[in-house]
Every structure is written in C-alpha cells, then in structure tokens.
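Here is how the chains run, residue by residue.
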Amino acid sequence: MLYYNTFRKQVSRDNGKRVIYTYICTYFLVIMKKKRILVAMSGGIDSSVAAIKLHEAGHEVIGITMKTWNYTRGCSTKKQIGCCNLDTINDAREVAVRTGFPYMVLDIRKEFGQYVIDHFKSEYLAGRTPNPCILCNTHIKWNALRKRADELGCSHLATGHYAQVREENRRYVLYKSRDLNKDQTYALWGLSQENLQRTIFPLGHLTKPEVRDFATARGFPNLVKKSESYEICFIPENNYRDFLRKEIKGLEEKVKGGEFVLEDGRVIGKHQGYPFYTVGQRRGLQVSLSYPVYVTRIDAATNRVYLGTLDALARNGMYVHKLNMIKYDCLKEPTESHIKVRYNDTGKPGVLVQEKEQMKVFFGQNVQAIAPGQAAVFYEGDDVIGGGWIASSFRKKNQQS
C-alpha cells in the first residue's frame, strides 16, 4: 500500500500519463484484492471448476478434501459415491496438480461419526426422518474448513455449491443461484453468519451447462462424464435400513412385529419395525387394502406405524424448531414466505409466526408428507429468511400430529 500511494502521487503530477496512471492503479487494486482461499473439493465437476476459476482469477488457492467416512466400511467401490472413496480423492488431487495449486486431505471421520452418524441413528430410533447432509454442512464441514483456513492463513472458504451470498443491512444473506434447477440453498440454511461472511460460491452465477463447458475447455472431459451422486455418503447403496441393522445391534429383534394402524384405530397388520418407515411412504408396506395407503405418522414409543389415505397425509401447518435465521435476526410480526419441506420440493406459500425459538408455519394450502426430522427452509423471493428442523405438523389449529 505504501508503494502504491507513493507511485500514485508521482504519476498524478504528469497529466500526460493519466492513462498509464489509471492502468497501474487498477493493477495495484486488483492485486490487493487477491485472497488466499481454502476450497473444499469432492473430486466432482462442480468443486473442481470452483477451484480452477478462483485460481485463474489470481487467488491463492489451496484445495482440500474432507474424509468423512471409512471407505472400507460398508461402502461401495463405485467412483460416484463421493467422500468415502479413494478415487474421489485422487480425482481432486489430479485437478490441483494439473492446475497448479496445493492440495491436502483432512480426516474428520471422528467428528463426523460422533455427530452426524450418531444423530442419524438416534433420529430414526425416535421415529423421525433425518437429513444428515444438512447437519454435516451446518456442524461439521464448515467448522472444520474454517478451523483449517485459520491455520493456513486463508481469509475465505469456497465450495462448488450452487448458491450466492451478499452483505445487506449488516447481515450476510444466502440467496438462490442463477441456475434454479441446481440451486442448493435448501442444504445450506444452517450456515452461521460467521461462516457465510467467509464463504465464496464461485458457481452461484453460472448454469450447469456453463460449468460443463468450462471443464471441457480446460481439458477435463472426465469431469463432465462423471456421474453425479445424490446418495448419503455413508449409505452408498441408498439403503438406510440395512445401515441401521448393521450399526445398531439387535435393532431388528427389538422393533420387529409392531402394528400397522389405520387413522381410525384399526390394527391391520404387523410391520418390520418403525425405524424402517418414513412419513409419506407408500411402497414396501406389504399391506393389502382396496385403496392405496401411506405412512401418516410414526409412534416410536408404541412401535406403531399409522397409515391413511393421501388426504389423511395432508397438513396445513407445522412447528419448526432449532432455527437459524439468515436474512433477519428474528421475525417480529407474521411474515409471508415460500416454504420448502424437502430438498426437491418446489415449495408452498405460507405465513411464518416466530414464537421465541420456534416457528409456527401456516400454509395457504394442504401440503403432503411433512416429515418430522426433515428441514424446512423459508424464502422471501430468492432470499433465504432462515430454516430449522420440523418438529411436528397439524391439520387444524392446535391439532398436532
């Protein structure tokens, strides 16, 4: 900065060199804005392109892959499984080496197991349906990244998520990506203001086709061909029931033989155990009736799984707790919002009423399969107001389920 100010004073005395002055000043300003950024890399196309773009912009990039799960413990060997496979680490390392920035692997299996996996198991045992990826983002990955960023002197973190952040009214606001088909803000609602302040999403203004074109142009066609995985990293075959059986000793013997019960109280059969069902489930019930039925609620205390018609599954409100508010510190009055209750949900309009540490949500229409344990995210246009975990739902005022 001292050299820049001295040069500015000397050049500004000569009016004939104003053009040179402008270019030199711009160069110094650009240089001073360069950052050391820690980029989370999964080995896939999105995080790889994010790292390459930041490197090409002149930032000092350090790539890092977080090992969350023991790939020899019940994982498939398919490349697309993500963070539990050595191939993904090798793919991320190849991108870093060919592009020219340092790379490392961070082992967070202990923290991941103690928090995410233990929570996953306890939620199913409580009759709820957890979302481990959001929990991991909120409590494990970003905190681990920030800690390592501090150790490496990195001012910012970056990931390949499709989302955007801006500063407004002294808060950092998370908002939807340009490519709404790939938007991932639903999975990021739990990020704290401190984490959002230091996070960069290089892909937020891009579409998926643009990302593929970028990777191809940079000589990484293998990234374009690589299939994307939407599975939970520690359940590669997407069979959470087998995972619970393996991880919780004696579970099947304890819960097998519970009752299937209709909403009117009639017992119509036996099930395999309440943890193996989710609200909204229709397939695999092995119940013979003259009409289709769905899981409407789960009672872990009695090992009962309640079934009903699609109409019985509908709710017009819910309670959401463990809130994380993003755009506003809190809501002081009823607020209109667009609310998503699952990742691939298009969302429904409703009204938010904050009651201290929980949000009471009134939908303008019936919503199907509101599952306790899943996340609810509140939007105002493209902006994320905040989110939380679904505690319960109701059909009418004060009628909880």
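As a starting point, this report considers the structure included with it. (Residues numbered from 1 in each chain as written. Predicted model: local features only at pLDDT ≥ 70, side-chain atom pairs only at ≥ 80, totals over all residues. Heavy atoms only, no water.)

1. Re the packing of helix α5 (residues 109-125) against helix α6 (residues 132-152)
Angle between the axes and distance between the axes are the two parameters that describe a pair of packed helices. Note the threshold: Axis lines are fitted to C-alpha atoms, over the contacting stretch for helices. Their N-to-C directions set the angle, which ranges from 0 to 180 degrees. Numbered from the N terminus, helices here are DSSP runs of H or I no shorter than four residues, and strands are runs of E no shorter than two. If you view the pair so one helix is near and one far, a crossing is left-handed when the near helix is turned anticlockwise from the far one by less than a right angle, and right-handed when it is turned clockwise. Contacts are residue-level and defined by heavy atoms, with any inter-residue pair within 4.5 Å sufficient. Side-chain classes follow a simple rule in which Ala, Val, Leu, Ile, Met, Phe, Trp, Tyr, Cys and Pro form the nonpolar group, Asp, Glu, Lys and Arg form the charged group, and the remainder, Gly included, forms the polar group.
Their axes nearest at 10 Å, the elements α5 and α6 cross at an angle of 145°. In the crossing of α5 with α6, the sense of the turn from one axis to the other is right-handed. Seen from α5, the contacting residues are Glu111, Phe112, Tyr115, Val116, His119 and Phe120; seen from α6, they are Pro132, Leu135, Cys136, His139 and Ile140. A per-class count over the contact of α5 with α6 returns 8 nonpolar, 2 polar and 1 charged.

2. A look at the side chain of Thr99
What counts is decided by this rule: In protein, a polar contact means a hydrogen-donor-capable atom and an acceptor-capable atom, both N or O and within 3.5 Å, with residues adjacent in sequence counting only if both atoms are side-chain atoms; elsewhere, any N or O pair within 3.5 Å suffices.
Along the chain, Thr99 falls in helix α4 (residues 86-99). Polar contacts involving the side chain of Thr99 include one to the main-chain carbonyl oxygen of Val95, which spans 2.7 Å. With residues near it in sequence (within four places) discarded, Thr99 still touches Ile52, His55 and Phe220.

3. Comments concerning the pairing of strand β2 (residues 60-67)
Definition in use: Using a 1.4 Å probe on the protein chains alone, a residue whose accessible area is under 20% of its type maximum counts as buried, one over 50% counts as exposed, and one in between counts as partly exposed. One requirement defines pairing of two strands: DSSP has to find at least two bridges between them. Crossover handedness is defined here as right-handed if the route from the first strand over the helix to the second strand goes clockwise, with the strands pointing away from the viewer.
With 7 of 8 residues buried, β2 lies mostly within the body of the structure. As paired elements, strand β1 (residues 36-40) and β2 share 5 bridges and run parallel to each other. Directly across from Arg36, in β2, lies its bridge partner Glu60. Handedness of the β-α-β unit built from β1, helix α3 (residues 45-56) and β2 comes out right-handed. Here β2 pairs with strand β3 (residues 103-107) via 5 bridges, running parallel. By the bridge assignment for β3, Met66 is matched with Leu106.

4. Here's the deal with the pattern of salt bridges
Put simply, the rule reads: Here a salt bridge means any side-chain nitrogen of Lys or Arg lying within 4 Å of a carboxyl oxygen belonging to Asp or Glu.
Inspection of every chain in the model, using the stated rule, returns 23 salt bridges. A salt bridge links Glu94 to Arg98, with the nearest nitrogen and oxygen atoms 3.6 Å apart. Residue Glu94 and its partner Arg98 are located together in helix α4, separated by 4 residues, close to a single helical turn. One salt bridge in this structure joins Glu194 and Arg146, with 3.5 Å as the shortest N-O distance. With Glu194 in helix α7 (residues 193-197) and Arg146 in helix α6, this residue pair connects regions lying 48 residues apart in the sequence. For Glu194, a relative accessible area of 45% corresponds to the partly exposed category. In this structure, a network of salt bridges that share partners links the residues Arg166, Glu168, Lys327, Glu380 and Asp383.

5. Examining the sheet that holds strand β10 (residues 294-299)
Strand order in the open sheet formed by 4 strands is β9-β8-β11-β10, with mixed pairing between adjacent strands. In the strand order of this sheet, the two ends are held by β9 (267-270) and β10, each with one partner. In this sheet, adjacent strand axes meet at a mean angle of 30° when their direction is disregarded. Summarising the sheet, strand β8 (residues 259-262) and β9 pair through 3 bridges and their orientation is antiparallel. Bridge pairing in β9 places Glu259 opposite Lys270.

6. Digging into unusual backbone geometry
As a rule of thumb, non-glycine residues mostly have phi less than zero, and peptide bonds are mostly trans rather than cis. The backbone of Asn303 shows a phi angle near 55°, a positive value even though the residue is not glycine. Position of Asn303 relative to the elements: it lies in the loop between β10 and β11 (304-308). The backbone phi angle of Lys356 is positive, close to 60°, even though this residue is not glycine.

7. Points about the sheet that holds β2
Read from one edge to the other, the open sheet built from 5 strands follows the order β3-β2-β1-β4-β7, with strand pairing classed as parallel. Two strands bound the open sheet, and with one partner strand each, they are β3 and β7 (199-200). Direction of pairing for β1 relative to strand β4 (residues 156-158): parallel, over a ladder of 3 bridges. Its bridge partner lying in β4, Leu38 is registered against Leu157. Sheet strands in contact with α3 are β1, β2, β4 and β7, and its direction is about 165° off that of β1. In the packing of α4 onto the sheet, contacts are made with β2 and β3, and the angle to β3 comes to roughly 150°.

8. Let's talk about the packing of aromatic side chains
Here is the rule: Note on aromatic pairs: the rings of Phe, Tyr and Trp (six-membered ring only in Trp) are paired at centre separations within 6.5 Å, and the planes decide the class, stacked below 30 degrees, edge-to-face beyond 60, tilted for the rest. Criterion for a charge above a ring: Lys NZ or Arg CZ within 6 Å of the ring centre, and within 35 degrees of the ring normal.
Taken as a whole and judged by the stated rule, the model has 11 aromatic pairs. Residues Phe120 and Tyr124 carry aromatic rings whose centres are separated by 5.1 Å and whose planes lie at 70° to one another, so their mutual orientation is edge-to-face. Of this pair, Phe120 and Tyr124 both sit in helix α5, 4 residues apart, roughly one helical turn. Here Phe120 falls in the buried class, since its relative accessible area comes to 1%. Exposure remark for Tyr124: the relative accessible area of 6% places this residue in the buried category. Relative to Phe243, the ring of Phe234 lies with its centre 5.2 Å away and its plane at 50°, an arrangement referred to as tilted. The class for Phe243 is buried, based on a relative accessible area of 7%. Among the aromatic residues, those joined into a ring-pair cluster are Phe112, Phe120, Tyr124, Phe234, Tyr240 and Phe243. The ring centre of Tyr175 lies 5.0 Å from the NZ or CZ of Arg166, which sits over that ring.

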